[in-house]
Amino acid sequence: MSATQTVVTTIIVVLVVLVAAGVGWMLYRRWSLRHQFGPEYDRLVAGRAGRATAERELRERQRRHAELDRRPLSPESRARYAGEWEEIQIRFVESPVDAVNAAEDLVGRMATERGYPEGDFEAQAAYLSVEHSHSLDHYRQAHEVREAVARGESDTEQLREALVHYREMVTELLGREPVPTARRYDAESLPTASHHETNR
């Protein structure tokens, strides 16, 4: 093999290695985003003009999230929010619509105290997705029911399910179960509310 052929072969090998490294890095970044954002990744890919657009948005979320002054809740705040959550679950029996509205308000206040910016649901959800992607999917489902409430389209079963979804986000933000299991109300244990209360 001549010196020229050796040089050409070396250049080709280097280019192949560089291309393989580039593809490997791109696939790793994609895997990393899917692993971190979970259902939120799939939701954005389905709703945006292509995977690259969705992934750029997720990386931008990571950048903005890194600039936040995030902080844990104090023991006093955790106890207060846990108490509020228990009251919300009890309130569901007599007034499920009020309970669902209160649950959304509670999550918003908890997120703000944890250092997430105040704003509309989507703006706050974008920040929460970086660190709380699994629970965020529950939060989105609960929020959809709350919007149905505003349109007068919800029923008791949907409201029960919404409360269970909210609990996932409350648990995530608290860092523990908000109410001991023995005292927990869930979709199966909550008594059926009256038709009047679910549609008022």
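Analysis parameters
- Residues numbered from 1 in each chain as written.
- Predicted model: local features only at pLDDT ≥ 70, side-chain atom pairs only at ≥ 80, totals over all residues.
- Heavy atoms only, no water.
- Helix = DSSP H or I, 4+ residues; strand = E, 2+ residues; numbered from the N terminus.
- Buried < 20%, exposed > 50% of the residue type's maximum accessible area, 1.4 Å probe, protein only.
- Contact = heavy atoms within 4.5 Å.
- Areas by Shrake-Rupley, 256 points an atom, 1.4 Å probe, with all protein chains shown as cover.
- Salt bridge = Lys/Arg side-chain N within 4 Å of Asp/Glu carboxyl O.
- Core = buried A, V, L, I, M, F, W, Y, C linked by side-chain atoms within 4.5 Å.

Asker: An account of the overall build of the protein chain is requested, with residue identities and associated values reported.
Answerer: Helix and strand counts for the protein chain stand at 9 helices and 0 strands. Helices and strands appear in the protein chain in the N-to-C order α-α-α-α-α-α-α-α-α. Relative to its 200 residues, the protein chain shows a buried fraction of 38%. Residue pairs at least 24 apart in sequence account for 67% of intrachain contacts in the protein chain once pairs closer than 6 positions are excluded. If you sum the accessible surface of the protein chain, you get close to 11100 Å²; carbon and sulfur atoms cover 55% of it.

Asker: How would you summarise the pattern of salt bridges if you had to cite specific residues and measurements?
Answerer: Per the counting criterion, the structure on display carries 14 salt bridges. A salt bridge links glutamate 40 to arginine 61, with the nearest nitrogen and oxygen atoms 2.9 Å apart. Taken together, the positions of glutamate 40 in helix H2 (residues 39-47) and arginine 61 in helix H3 (residues 51-66) put the pair 21 residues apart, joining distant regions of the chain. Overall, glutamate 40 belongs to the buried group, its relative accessible area being 4%. A relative accessible area of 3% means that arginine 61 is categorised as buried. Close ionic contact of arginine 70 with glutamate 131 constitutes a salt bridge, the shortest N to O distance being 3.0 Å. A residue pair is termed long-range when its members are at least 10 positions apart, and arginine 70 in the loop between H3 and helix H4 (75-92) and glutamate 131 in helix H6 (residues 121-131) qualify at 61 residues. It is possible to trace a salt-bridge network through shared partners that takes in Glu40, Arg43, Glu57, Arg61, Glu122 and Arg140.

Asker: How would you summarise the nonpolar core if you had to cite specific residues and measurements?
Answerer: Trp85, Ile88, Met110, Leu128, Tyr139 and Tyr166 are the most contacted members of the largest nonpolar core, which has 34 residues in total. A total of 9 residues in this core trace back to one element, the largest contributor, which is helix H5 (residues 96-113). Residues contacting tyrosine 166, with those up to four places away along its chain left out, are Trp85, Val100, Ala103, Glu104, Val107, Tyr139, Ala142, His143 and Arg146. One finds Leu33, Phe37, Leu58 and Val130 within the second-largest nonpolar core, a separate group that totals 8 residues.

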